[in-house]
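Read off the chains here:
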Amino acid sequence: MKTVRNVVCPFCGSLCDDIEVDIEDNRVVKVRKGCAISATKFTKYNEERIYKPRIDGREVSLEEAINEAVEILANAKYPALYGWSCTSTEAINIGIEIAELVGGVMDNTASVCHGPTILGEQDAGISTCTLGQVKNRAELIIYWGCNPAHAHPRHMARYSAASRGRFVKGRKERTVIVVDVRKTHTAKTADIFIQIKPNSDFELLTALRWAVKNGELEQEEIAGIPAEKIEELADMLISCRFGALFFGLGLTMSAGKARNIEAAVNLVRELNNYTKFVMVPMRGHFNVTGANEVMAWATGFPFAVDFSRGYPFYNPGDTTFVDVLTRGDCDAALIVASDPVSGFPAEAIRNLAKIPVITLDPHETLTTMISKVVIPTAVVGIEAEGSAYRMDAVPLRLKKLVEPPPGILSDEEVLKMILKKLKERVK
Amino acid sequence: MELLIKNGYVYDPINEINGEKMDIAVKDGKIVESVSSDAKVIDATNMLVMPGGVDIHSHIAGSKVNSGRILRPEDHYKDVKPRTAITRAEVGHTVPSTYTIGYRYARLGYTTVIEAASPPLKTRHTHEELNDIPLIDKSCYLVLDNNWIVLDYLSQGEIDKCAAFIGWIFKALKGYAIKIVNPGGVELWGWGKNVESLDDQVPPFDITPREIIRGLCKINKMLNLPHTIHLHTNNLGKPGNYRTTIETMDTVSDLADGKPNIHITHVQFCGYGGDSWITLRSGAPEIAKYVNNHNHVTIDLGQVVFGDATTMTGDGPFQFILQNLTGNKWKNADVEAEGSAGIVPYKYKRKNFVNAVQWTIGLELALLIKDPWRVFLTTDHPNAGTFMKYPRVITWLMSKVAREKVLNKINKRAKKRSTLPSIDREYTFYEIAIITRAATAKALNLANKGHLGVGADADIAIYNINPMEIDPSKEYKKVRRALKRAAYTIKGGEIIVKDGEIVKSFIGETFWVKPAIPEDLEKDMLREVSEKFKEYYTVSLENYIIGENELASSKPIAVKTNL
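Cut-off values and rules
Residues numbered from 1 in each chain as written. Chains lettered and ligands numbered in written order. Predicted model: local features only at pLDDT ≥ 70, side-chain atom pairs only at ≥ 80, totals over all residues. Heavy atoms only, no water. Domains from an automatic or database assignment. Contact = heavy atoms within 4.5 Å. Buried area = accessible area lost by both parts, 1.4 Å probe. Salt bridge = Lys/Arg side-chain N within 4 Å of Asp/Glu carboxyl O. Polar contact = N/O pair within 3.5 Å; in protein donor to acceptor, adjacent residues only side chain to side chain. Helix = DSSP H or I, 4+ residues; strand = E, 2+ residues; numbered from the N terminus. Expected span 1.5 Å × (residues − 1). Buried < 20%, exposed > 50% of the residue type's maximum accessible area, 1.4 Å probe, protein only. Arc of directions from axis to C-beta. Pairing = 2+ DSSP bridges. Axes fitted to C-alpha atoms, helices over the stretch in contact; angles between N-to-C directions. Patch = residues over 30% accessible without salt bridge, like charges linked within 9 Å, V, L, I, M, F, W, Y side chains within 5 Å. Areas by Shrake-Rupley, 256 points an atom, 1.4 Å probe, with all protein chains shown as cover. Lys, Arg positive; Asp, Glu negative; His and termini not counted. Charge placed at Lys NZ, Arg CZ, Asp CG, Glu CD.

1. Things to note about the domain arrangement of chain A
Residue and element names in this part refer to chain A. Taken domain by domain, chain A consists of domain 1 (48-112 + 286-387 + 402-425) and domain 2 (115-281). One C-alpha centre belongs to domain 1, the other to domain 2, and the line joining them spans 35 Å. Listed per partner, the contact involves eight residues of domain 1 and five residues of domain 2. Carbon and sulfur atoms make up 67% of the surface buried where domain 1 meets domain 2, a total of about 450 Å² over both sides. Of all residues in domain 1, the largest losses of buried area upon contact with domain 2 belong to Val112, Phe303 and Tyr314, amounting jointly to 53% of the total for that side. For the pair domain 1 and domain 2, the number of links is zero salt bridges. Counting the contacts that link domain 1 with domain 2 gives two residue pairs in polar contact (both at pLDDT 80 or more).

As structure tokens, this is what we get:
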């Protein structure tokens, strides 16, 4: 048996990098330090695996599957390439070149989660930081529309509310505020819980900014919160030495979407005239941030890139996969490390079911079940190495701990093979 | 492969060749004495031949640059080019994609570029982007002046351990030189504050900016690093800051031993006289006077070019001031225990008084500093303008007429206050070759770059212009056109550009320094650092280290230290 230390967990955007894993006979037998989700990911990654490539449900050789994938992509007029948040940055990078070569749409799952965060940032900017800055300095922490106790289980202990930093030594030295529509587990641990009316985040953020700037509000109540409470809150935000706002899909996907983010950005910007304030999105999948990063450096845009003109074109709402699919525009799809069928609107899925789909995934999913070509791949961060970006864009190196099942290659290797053959095919 | 570049007019200042008609022979990527008769011949008759350009300060890769890309989709829409059989799709404009950066530098005849500021924790990102920049050789400076471990060691007077830590960090993260960005000020930005002078305290470290600069300057010498400390001053972007700049230069003058020991970067941004934006004037004459009298200093310009820019620096508090001044969108990104970064889109306007004064400062610096070996051409891309504007800046330096044409269009008050109209100096092609390749290669101590002597890397730029016939003073537009699109760019002996188009693409090398540190000292230091790491950082020391296999084409440069 051997123990590997400082393993980076390939589950959520927290990318905890202190996991200890015991390995025996090419199998993970024990996980220490990880959260419950992490432990499950490391020990049960072998369940529901796919072991053989398939075309139309028939088991084939890897070569046949790759040839078929190449045929589909080369013959498609407007293919879409989607997913990417649960694979390595290197694999995504190859995906971008494939999209460029075949003139397709390249999009990642940010378009259905923190896409509005990016759009809000593109409108107004963002004052942000790496998580250690919060750990070392933040006296006041707000969780807005997110529930790290469930979604990012070690976030509070390692990086935020209860972390021990150089200047702020732990939970007792911090004030924690939760803003949510319901009393979540995270809210139960907060010093202050603000229960707002659903879909009124924009109003509360704007009122807070007004209160920060002008002290007093005209209205009696905003977003279901009494004005005095908002004014009191504004005073707290101004008087801390360093404040951090963490936000999740409760903010990005409720009414207002990108406008909510813009309102938050403007509140934080205003606060920086009085104290130091930052905000950090609670990104979900372990490398969704990396997907945005590599797409930006290779194409200029972080998601929703359309190569049908030969050069990158970006118009979210139009070039986002869910929209392309709902319109029924794309005539083939390559899905990597994602399961759109389980989460997309019915109309989009109906259209997806009509076109040839190639899926790369270690596991059986609803998407693999409707795919024409399925190529099983290694689990990144357990069976394959590669780079990934934490929610705060800190890049880390995922480790290869065990060998993948015989004949199974990584996303990166399979995509390289597809690219190579496509280059010979598409001149 | 062998190449013979025949009959060009060669400008190779390191070898004191000033416009001599001669042949250059290339074999296996290097300049050689002679080649066989099988060599491919490039007819460079009536053309200008120079070593490939070496850019000492440009923001080309890493988290800050990519934040700029993400922040500014509007920057990219109008500047695109489809994929070709050889090149990837191109996307500009002020913050181009990685591929675009490589192609565009190559078209200008540049073959080596250094990323100006990489925060250690995000240097893996920097390398991932450098891996995707084609054609040019590259490296990155590591921002170390607001690093808590450095500050701890310096304030405790443990200079040996601090040197060992910095030496180790170059090995671990694959960087090239010590970058200093608003020392002390950026640490205080962690609390939304800044320093105002070299002698302000930086709590809780019990240290001042002056002590940080002097400490790192000493360590640079102890480690025997190839480049000097590379410094972005305190008070950058504030009226009257030329005094801070001169004080900063002077604070290490006693540590020098006849050679440069400090490089002040984008001096235009820290060369302001006056005491408010209304009384702003150029501080270039005072700075030039200091540089002319002190040979321990090198500088680069940070020349403003009117038009679009994206300001991006590791100077968080400066970017905060700029967003308040402009009201433009603002990205701030602090890095735990290391520093910060800020990004604000910007447009330099001719009729704007401040912008016009800024434009005059860079040119005054270049024209008033007598020794071209100590003043380098940069626009601090993309802060004062993009690197694509270098040909334009070169013609301003070579032609008084070209300068006057702009002077007549800029803000009148700015023109009246400037000494620029009274300066007659015009750069020669030889001097241009110095400030764009020879001197920068020398300042970086890259022995095989920036010249065309036997043994040098065969990085060569050939421009379709006859330096014997043209009068750059009058025919500056012809010069500009020729420099914008190299007739040939040769990188490592391969023709990569012909008639301004990319004809071949590959990935160049990433070089980095590998200082030898005494084993016991390194062990002691690492024991302490790994403890500090647990408290200061959110990643483990092991995962902080970047493996050599993470670099697409790694070229370590071993350095013997004086430790």
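2. Points about the side chain of His152 of chain A
All names here are of chain A. Of note, His152 is situated in the loop between helix H6 (148-151) and helix H7 (155-158). Polar side-chain contacts of His152 include one of 2.8 Å to the backbone oxygen of Arg283. When residues no more than four places from it in sequence are discounted, the contact partners of His152 are Cys12, Gly13, Ser14, Asn147, Met282, Arg283, Gly284 and Met391.

3. A short note on helix H18 (residues 519-536) of chain B
Taking 1.5 Å per residue as the helical rise, H18 of chain B with its 18 residues ought to reach 26 Å, and the 25 Å between its terminal C-alpha atoms agrees with that figure. Here H18 of chain B has its buried residues at Leu521, Glu522, Met525, Val529, Lys532, Phe533 and Tyr536 of chain B. Along the long axis of H18 of chain B, the arc covered by the buried residues comes to 110°, so they all point the same way. Among the exposed residues of H18 of chain B, those pointing more than 90 degrees away from its buried face are Glu519, Asp520, Lys523, Arg527 and Lys534 of chain B. Next to the buried residues of H18 of chain B lie helix H5 (131-137) of chain A together with helix H5 (148-155), helix H6 (159-173) and helix H19 (541-544) of chain B.

4. Thoughts on the sheet that holds strand S17 (residues 307-313) of chain B
With respect to topology, four strands assemble into an open sheet ordered S8(A)-S18(B)-S19(B)-S17(B), the strand pairing being mixed. A strand with exactly one partner marks an edge of an open sheet, and here the two such strands are strand S8 (125-129) of chain A together with S17 of chain B. Averaged over all pairs of adjacent strands, the angle between strand axes in this sheet comes to 20°, irrespective of strand direction. Bridge count between strand S18 (residues 330-334) of chain B and strand S19 (residues 342-348) of chain B: two bridges; the pairing is antiparallel. Within the sheet, the bridge partner assigned to Lys331 of chain B lies in S19 of chain B and is Ile343 of chain B. Along the sheet, helix H4 (residues 115-124) of chain A contacts S8 of chain A together with S18 of chain B; its crossing angle with S8 of chain A, the most-contacted strand, is approximately 115°.

5. A closer look at a positive patch on the surface
Residues and elements named next belong to chain B. On the surface, Arg350, Lys351, Arg392, Lys405, Lys409, Lys412, Lys477, Arg481 and Lys484 cluster together to form a positively charged patch. If one sorts the elements of the positive patch by residue count, helix H17 (residues 476-484) sits on top with three residues. Its location among the elements puts Arg481 in helix H17. A relative accessible area of 55% means that Arg481 is categorised as exposed.

6. As for the pattern of salt bridges
Applying the stated criterion across every chain yields a total of 70 salt bridges over all chains. With a shortest N-O distance of 2.9 Å, Lys372 of chain A and Asp56 of chain A are connected by a salt bridge. Note that Lys372 of chain A is positioned in the loop between helix H16 (366-369) and strand S20 (373-375) and Asp56 of chain A in the loop between strand S4 (54-55) and strand S5 (58-59), a separation of 316 residues in sequence. Classification of Lys372 of chain A by relative accessible area gives partly exposed; the value is 25%. Asp56 of chain A sits in the exposed class, given a relative accessible area of 52%. Residue Arg390 of chain A is joined to Asp392 of chain A by a salt bridge in which the shortest nitrogen-to-oxygen separation is 2.8 Å. Through salt bridges with shared partners, a single network forms among Asp79, Lys81, Glu90, Arg104, Arg107, Arg485 and Glu501 of chain B.

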